[in-house]
Amino acid sequence: MVQKYQSPVRVYKHPFELIMAAYERRFPTCPLIPMFVDSDTVNEFRSEDGAIHVIERRCKLDIDAPRLLKKIAGVDYVYFIQKNSLNSRERTLHIEAHNETFSNRVIINELCCYSVHPENEDWTCFEQSASLDIKSFFGFESTVEKIAMKQYTSNIKKGKEIIEYYLRQLEEEGITFVPRWTPPAAAPSLETSLSCKKPAASLTVVVPDPTLKEGLSGEPLSTPSGAAEPTAGTPDDKLDADYIKRYLGDLTPLQESCLIRLRQWLQETHKGKIPKDEHILRFLRARDFNIDKARETMCQSLTWRKQHQVDYILDTWHPPQVLQDYYAGGWHHHDKDGRPLYVLRLGQMDTKGLVRALGEEALLRYVLSINEEGLRRCEENTKVFGRPISSWTCLVDLEGLNMRHLWRPGVKALLRIIEVVEANYPETLGRLLILRAPRVFPVLWTLVSPFIDDNTRRKFLIYAGNDYQGPGGLLDYIDKEIIPDFLSGECMCEVPEGGLVPKSLYRTAEELENEDLKLWTETIYQSASVFKGAPHEILIQIVDASSVITWDFDVCKGDIVFNIYHSKRSPQPPKKDSLGAHSITSPGGNNVQLIDRVWQLGRDYSMVESPLICKEGESVQGSHVTRWPGFYILQWKFHSTPACAATNLPRVDDVLASLQVSSHKCKVMYYTEVIGSEDFRGSMTSLESSHSGFSQLSAATTSSSQSHSSSMISR
């Protein structure tokens, strides 16, 4: 796997010529870089007018690696070839470097560029990119990769410090200005050409094109357009290292690289509004800076935002009066870290009344508007406090919470909202303070916690009774002056007190069903939850043989096995589950089991198709031509990855895969249809629908077909 690095643009508030004078002091060796032992000039070229100066050096590096590894490799030092192309006329320096040692096993390439700031000719910009490709290295490929990345990131951090060190050295010597290059009055008759150790004729001279001032990314090294006096690190200059530190926080070089590469990928491929850097960074943090995972989840979120016009919700959607009167939540100043503070008096809120009066759609829209407002307030607080603020604090008061808050549809709506927020607003919750938790709280927590990301759960602080008033309590996170009055504080809180919603405001199911755009799914699809030991099954009765059963389902979460069974007799209708059944923990879905536990495969029912294993994120479309009348059961079953056959211990990949499925739960969205034999025309290929593109980044497609069925999987 090729490791890549892309730096932000680092700005020096010094002229290009002075930076070049400081840069040249790094050679032939630099005491600030211990691993840089020495360098020799192997080729040098200077143009007739002195504007172009190309120099090629062979650099000797002492890599900080285990002695055993050096002994196995048979080397003490590593050599790199560095070629510097200075164009004084255009005021650019392009640096190309590659490894000479082990070049048949390891390929390292680096490109750097110094250029004049596009908006201030007295400033200098620096940008850097690199790639590492380890083909083979005596079985130590992983170790070498870690050493190389560690050494490289360490040197990146020192890069700006080294230039500034030599700038101070020049200043101490009284050198604070270096004149720009000017064309000579009369050109000399001969070019100046110098060859050290190798003939000059062996060097190919490439005069940098003026357009290369745009930088290695192919994009202008942008700063605020139209500004009379540009300032490094302004929000419009997205590639500026100072901007990243000021508005996004202290990132490691590799984290900066991930942000820039993902942002560039979006600019090149995404058709639509590019999310702000803060939002891109949230998705990267939520996926531990794994670019592929962050890219997939973010693209799914961007599609969802566009489909439901979430970007305009604050301007176009106004909450109903019922929400304004009875939703006991609102923004209230900020915490000690400058995060916006949201107060929710959940114990005083009539969740059943709100759901009956408004439906889940309006509640979800309101929660989305709260999150959008939270993003806006984070931007404001970042400017006010002068440091990056990308999340908010939520204070939840549970005084008054009782069993009526565990009303089944209300809990289901809460779980569905949690799923939407977790998927589309990652890393926005900085801290959750749960106060005055009553005895019934563990019941609600048991239902809700499996659907909350582990990173998010670690931000929860739960206080029972009046514990929040003691050491380690509320005063550690919120200033005394803004603690709400209902928590014995001094600050009047304007959050609505909630209360029971009048039943006269309740709406019928038909009225709620006729709402406009749905945020969950299209109405033809149904959701189902699949648990370990509890598959989801649906029954299809076939009267005429040669009918065609078609299906289209998305595996939203976890891995499942899809089966089709046939039985001559109908299963007993499923019994209704109580509060503790699986369905209460499946937001937007259900779990139905039809095959009786006493039934035996081969006697009471038979498998008509081979099992089909479907991975998370896949879309499956398929069909089955029935041979016999009777009852067909479509089953989605939890898939457990088998351990390695040679040992009882599970493989690492299996363990990682199992960790991705919280509480052994999967989720599918499905649609089925039966085409009668009299309506069936054409071959089986006419029933094979195209991929639905459930995964926005799907590139691979796998087909699986049996004798009487056809299934297509889109990853």
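Residues numbered from 1 in each chain as written. Predicted model: local features only at pLDDT ≥ 70, side-chain atom pairs only at ≥ 80, totals over all residues. Heavy atoms only, no water.

Per an unreviewed UniProt entry, the protein chain is named SEC14-like protein 1, and its organism is Bos indicus x Bos taurus. Annotation of the protein chain in UniProt includes, under Subunit (unreviewed entry), the sentence "Interacts with RIGI (via tandem CARD domain); the interaction is direct. Interacts (via GOLD domain) with SLC18A3; the interaction is direct. Interacts with SLC5A7 (via GOLD domain); the interaction is direct." (UniProt positions renumbered as here; feature names shortened; annotations may be inferred.)

Participant: Mind showing me how you'd approach the overall build of the protein chain here?
Facilitator: Scanning the protein chain from terminus to terminus reveals 15 helices and 25 strands. Expressed as a percentage of its 715 residues, the buried residues of the protein chain come to 49%. A fraction of 75% describes how many contacts in the protein chain between residues 6 or more apart in sequence connect residues 24 or more apart. (Helix = DSSP H or I, 4+ residues; strand = E, 2+ residues; numbered from the N terminus. Buried < 20%, exposed > 50% of the residue type's maximum accessible area, 1.4 Å probe, protein only. Contact = heavy atoms within 4.5 Å.)

Participant: Got a minute to help me understand the pattern of salt bridges in this structure?
Facilitator: Side-chain pairs of opposite charge can arise whenever the charged atoms involved come near each other. If you walk through the whole model with that rule in mind, you get 32 salt bridges. Note that Asp337 is salt-bridged to Arg431, the shortest N-O span being 3.6 Å. Here Asp337 is found in the loop between β10 (329–334) and β11 (340–344), whereas its partner Arg431 is found in strand β13 (residues 429–437), with 94 residues between them in sequence. Within this structure, Asp335, Asp337, Arg339 and Arg431 form a network of salt bridges that share partners. (Salt bridge = Lys/Arg side-chain N within 4 Å of Asp/Glu carboxyl O.)

Participant: Hey, could you run me through the sheet that holds β10 in this one?
Facilitator: Backbone hydrogen bonds are what pair the strands of a sheet, in a parallel or an antiparallel way. Taken in spatial order, the five strands make up an open sheet running β10-β11-β12-β13-β14, and their pairing is mixed. At either margin of the open sheet sits one strand with a lone partner, and together these are β10 and β14 (460–464). Shown here is a sheet whose adjacent strand axes are inclined to one another by a mean of 20°, direction ignored. Relative to β13, strand β12 (residues 392–397) runs parallel, the two sharing six bridges. Bridge pairing in β13 links Asp397 to Leu435. Contacts between helix α10 (residues 351–385) and the sheet are confined to β10, β11 and β12, with β10 contributing the most and set at about 10° to the helix. (Pairing = 2+ DSSP bridges. Axes fitted to C-alpha atoms, helices over the stretch in contact; angles between N-to-C directions.)

Participant: What is the right way to read the nonpolar core from this model?
Facilitator: Across soluble globular proteins, nonpolar side chains have a tendency to be buried as a group. Ranked by internal contacts, the top residues of the largest apolar core, which has 53 residues, are Leu323, Tyr327, Leu354 and Leu398. It is α10 that provides the largest number of residues to this core, a total of 13 residues. Leave out the neighbours within four places in its chain, and Leu354 touches Val322, Leu323, Tyr326, Tyr327, Met349, Gly359, Leu363 and Val501. Judged by nonpolar contacts, the second largest core, of 40 residues, contains Phe27, Ile33, Leu69 and Phe126. (Core = buried A, V, L, I, M, F, W, Y, C linked by side-chain atoms within 4.5 Å.)

Participant: What should I look at first to understand the packing of helix α1 (residues 16–24) against helix α3 (residues 141–172) in this one?
Facilitator: Relative orientation and spacing of two packed helices are given, respectively, by the angle between their axes and the distance between those axes. The contact between α1 and α3 brings their axes to 8 Å, and the two run at 100°. If you check the angle between α1 and α3, you find them roughly perpendicular. Residues Leu18, Ile19, Ala21, Ala22 and Tyr23 of α1 form the contact with α3, whose participating residues are Ile163, Tyr166, Leu167 and Leu170. Of the residues that constitute the contact of α1 with α3, the class distribution is nine nonpolar, no polar and no charged. (Parallel < 35°, antiparallel > 145°, perpendicular 65-115°, else oblique. Nonpolar A, V, L, I, M, F, W, Y, C, P; charged D, E, K, R; others polar.)

Participant: Where do I start with the environment of Val555 in this structure?
Facilitator: You can see Val555 is positioned in strand β17 (residues 548–557). Note on Val555: relative accessible area 0%, which makes it buried. C-alpha separation for the pair Val555 and Tyr670, spaced 115 residues apart in sequence, amounts to 8.8 Å.

Participant: When you look at the pairing of strand β6 (residues 92–99) in this model, what are you seeing that I'm missing?
Facilitator: Within a regular strand, the side chains alternate between the two sheet faces. Within β6, six of the eight residues are buried, which leaves the element mostly enclosed by the surrounding structure. Summarising the sheet, strand β5 (residues 78–87) and β6 pair through eight bridges and their orientation is antiparallel. Bridging from a neighbouring strand, Gln82 pairs with Ala97 of β6. Here β6 folds back onto strand β7 (residues 106–117), and the loop between the two strands holds six residues, one of which, Phe102, carries a positive phi near 55°.

Participant: Just checking my understanding: could you explain the environment of Thr428 for this structure?
Facilitator: Mapped onto the fold, Thr428 is located in the loop between α11 (408–424) and β13. Separated by 54 residues in sequence, Thr428 and Gly374 place their C-alpha atoms 8.3 Å apart. Non-local contacts of Thr428, meaning those with residues more than four positions away in its chain, are made with Arg282, Asn371, Leu375, Ser390, Ser391 and Trp392. Within the structure, Thr428 has its side chain in polar contact with the backbone oxygen of Tyr425 (distance 2.9 Å). (Polar contact = N/O pair within 3.5 Å; in protein donor to acceptor, adjacent residues only side chain to side chain.)

Participant: Would you mind showing me how to read unusual backbone geometry here?
Facilitator: With the exception of glycine, most residues fall at negative phi, and the peptide bonds are largely trans. With an omega of 5°, the peptide bond between Phe27 and Pro28 qualifies as cis. You can see Pro28 is positioned in the loop between α1 and β3 (36–46).

Participant: Looking at this structure, I do not really get a nonpolar patch on the surface. What am I missing?
Facilitator: On the surface, a cluster of nonpolar side chains totalling about 280 Å² of accessible area is made up of Leu68, Ile72 and Phe138. Among the structural elements, Leu68 can be located in helix α2 (residues 67–73). Accessibility expressed as a relative area gives 58% for Leu68, which makes it exposed. (Patch = residues over 30% accessible without salt bridge, like charges linked within 9 Å, V, L, I, M, F, W, Y side chains within 5 Å. Areas by Shrake-Rupley, 256 points an atom, 1.4 Å probe, with all protein chains shown as cover.)

Participant: Teacher, can you tell me more about the confidence of the model for the protein chain here?
Facilitator: Caution is warranted with low-pLDDT regions, since their predicted coordinates should not be read in detail. Summary statistics for the protein chain give a mean pLDDT of 79 and a share of 78% for residues scoring 70 or more. The secondary structure element of the protein chain with the lowest average pLDDT is strand β24 (residues 701–705), at 31, and the one with the highest is β11, at 96. Considering only residues more than four positions removed or in separate chains, one finds that residues 516–524, a stretch of pLDDT under 50, has 26 contacts. Below a pLDDT of 50 lies the segment residues 576–588, which in the model reaches 37 contacts outside its immediate sequence neighbourhood of four places, other chains included. (pLDDT = per-residue confidence, 0-100.)

Participant: I tried to follow helix α4 (residues 241–248) on my own but got confused; where do I start?
Facilitator: Given 3.6 residues per helical turn, the α-helix brings residues three or four places apart onto the same face. Restricting attention to buried positions, one finds in α4 the residues Ala241, Tyr243, Ile244, Tyr247 and Leu248. One face of α4 carries all of its buried residues, which in axial projection span an arc of 155°. Considering only its buried residues, α4 is in contact with β2 (10–12), α5 (253–269), α6 (277–286) and α10. The distance from a side-chain oxygen at the start of α4 to the backbone nitrogen of Asp242 is 2.9 Å, and the residue carrying that oxygen is Asp240. Just beyond α4, the residue with positive phi is Gly249, at close to 110°. (Arc of directions from axis to C-beta.)

Participant: Where do I start with the packing of α5 against helix α7 (residues 291–307) in this structure?
Facilitator: Between α5 and α7, whose axes approach to 11 Å, the crossing angle comes to 45°. The orientation of α5 with respect to α7, classified from their angle, is oblique. In this structure, α5 meets α7 at a crossing whose hand is right-handed. Counted together, Cys258, Arg261, Leu262, Trp265 and Leu266 of α5 and Ile291, Ala294, Arg295, Met298, Cys299 and Leu302 of α7 form the full contact between these two elements. (Left-handed = near helix turned anticlockwise from the far one by under 90°.)

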